[in-house]
Amino acid sequence: MSCKSCATGGCGTQRGASDGQKTATAGCGSGGCGTGGCNKLNSFDWLSDIAMPGLKKYDVVEVKFKGGRKEYYRNVHQLDLTTGDYVVAEMQSGFHIGAVSLQGELVRLQVKKRGVKITDDTKVIHRIATPKDMERHEQAILRDLPALYRSREIIRELKLNMKLSDVEFQSDNTKATFYYSSEERVDFRELIKMLASEFKARIEMRQISLRQEAGRLGGIGSCGRELCCSTWLTDFKNIATSAARYQNLSLNPAKLSGQCGRLKCCLNYELDTYIDALRDIPTIEKPLETQKGRAFLQKTDIFRKLMWFGYSAESTWHPLPIARVLEIVELNKRGVIPESFDVLTPVGEKEPVTAAALNSDLQKLDAKYTAKPAKKKKKKFKGAEGNTPKPASNGKTH
């Protein structure tokens, strides 16, 4: 599972060659290529070619060991180190070989960030690893996998409820560290005795969490990239199911769980952004009331500020902006049922007709039909004798 950069030098690091040869690019040189750990907690020294004026070079170096474990050592011998060089580092008992992962001013920043105190008791780097040191180191690495299989057999024989995930032998073969995970307290006193007699080394049992176990083993996530815990993530924070609810994700354990069996760490990456966006989203405690029926909240588009509602009798969802939803909620609180989502006035709602207005209309109608028509004046005409005839009264003539 080695990466191409180990053969082509794509990591950008260099390693000094033997005398008479030019300095050759040798890839990352982390020693973990055989286990797929080339990209394990890599660091890019962007200050490597920049000299800090007026400051003495920081003599603390970051060294990376198997599994991405990093520790800080003092370069008291002022060795000329390059990122990727293998060095012999001091341990509590004996020595161990690791690769230089960072040096210079960036180490000063990392030490301050992690709260590491550098004192005179801080362990030191003895020397750059020689070919003989590297040979012993490779022999120690070859012991890891057989020891892992044999230790699992011993654990099954003792019927211990624990999962052994990795074994790391110190380069001088005087100490072996066993990484295990368990959900309950394990009494491994008998196990340590059997392992010490089996491998002829000091045994250290170190319990790790399931997330740390996934980080040591590595793998590919559902996103198609290497696991965050095996490449760059070191601080594992608590993740609750509420993170999925805030982001409107389906509460499906198969999709929300990572390879460690716990909730994915990436659920926390955008959580703060969603919480800020949700401050403008109203909480809908009951369906919206319209003349067409009761509309239930189906989906919320947090960043577009849209809320989708649907009637129980229909399969169509209607998008509503936040302002319109607030208007309808306020109308429902006052007991007003709007006609639809677009028309907020109730159906058939008109201005109220008062009794005075109704009486005035009736009076106008009465006055119209009871008024007497005006009399028309008849034209006067003269007869033959010039006398004007008088109209007969009551229709009779005398």
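For clarity, every value in this text was computed on a predicted model and none was experimentally measured.

A.B. asks: Honestly, the environment of Asp-144 in this entry has me stumped. Any pointers?
C.D. replies: Relative to the helices and strands, Asp-144 is located in helix H3 (residues 131-158). Spatially, the C-alpha atom of Asp-144 lies 9.8 Å from that of Phe-178, the residues being 34 residues apart in sequence.

A.B. asks: Before we go on, may I ask you to explain the pairing of strand E4 (residues 70-74) in this structure?
C.D. replies: Put simply, side chains in a regular strand alternate between the two faces of the sheet. Relative to E4, strand E3 (residues 60-64) runs antiparallel, the two being bridged by five bridges. When the sheet's bridge partners are listed, Val-61 is paired in E4 with Tyr-73. Taking the residues between adjacent antiparallel strands as the criterion, E3 and E4 are bridged by five residues, where Gly-67 takes a positive phi near 80 degrees.

A.B. asks: Help me out: how do you make sense of the packing of aromatic side chains in this one?
C.D. replies: We describe a pair of aromatic rings using the distance from one ring centre to the other and the angle between the two ring planes. Inspection of the entire model under this criterion finds eight aromatic pairs. Geometrically, the ring pair formed by Tyr-180 and Phe-188 is edge-to-face, given 5.7 Å between the ring centres and 70 degrees between the ring planes. Members of the aromatic cluster, joined through ring pairs, are Phe-169, Phe-178 and Phe-199. Across the ring face of Phe-169, the terminal group of Arg-143 is positioned such that the distance to the ring centre comes to 4.2 Å.

A.B. asks: What is the right way to read unusual backbone geometry from this model?
C.D. replies: Non-glycine residue Lys-159 carries a positive phi angle of around 55 degrees. By secondary structure assignment, the location of Lys-159 is in the loop between H3 and strand E8 (163-169). Taking relative accessible area as the criterion, Lys-159 reaches 75% and is therefore assigned exposed.

A.B. asks: Mind showing me how you'd approach the pattern of salt bridges here?
C.D. replies: Where charged atoms from two side chains of opposite charge approach closely, those side chains can pair. This model, assessed by the stated rule, comprises 21 salt bridges. With a closest N to O distance of 2.9 Å, Arg-108 and Glu-105 form a salt bridge. Residue Arg-108 and its partner Glu-105 are located together in helix H2 (residues 105-114), separated by three residues, close to a single helical turn. Given the relative accessible area of 15%, Glu-105 is considered buried. With a closest N to O distance of 3.4 Å, Asp-280 and Lys-305 form a salt bridge. Separated by 25 residues along the polypeptide, Asp-280 in the loop between helix H9 (271-278) and strand E11 (288-290) and Lys-305 in the loop between strand E12 (293-301) and strand E13 (306-311) bring together distant segments of the chain.

Conventions used here
- Residues numbered from 1 in each chain as written.
- Predicted model: local features only at pLDDT ≥ 70, side-chain atom pairs only at ≥ 80, totals over all residues.
- Heavy atoms only, no water.
- Helix = DSSP H or I, 4+ residues; strand = E, 2+ residues; numbered from the N terminus.
- Pairing = 2+ DSSP bridges.
- Phe/Tyr/Trp six-rings, centres within 6.5 Å; stacked < 30°, edge-to-face > 60°.
- Lys NZ or Arg CZ within 6 Å of the ring centre and 35° of its normal.
- Buried < 20%, exposed > 50% of the residue type's maximum accessible area, 1.4 Å probe, protein only.
- Salt bridge = Lys/Arg side-chain N within 4 Å of Asp/Glu carboxyl O.

Functional significance is not addressed by these values, which are geometric in nature.
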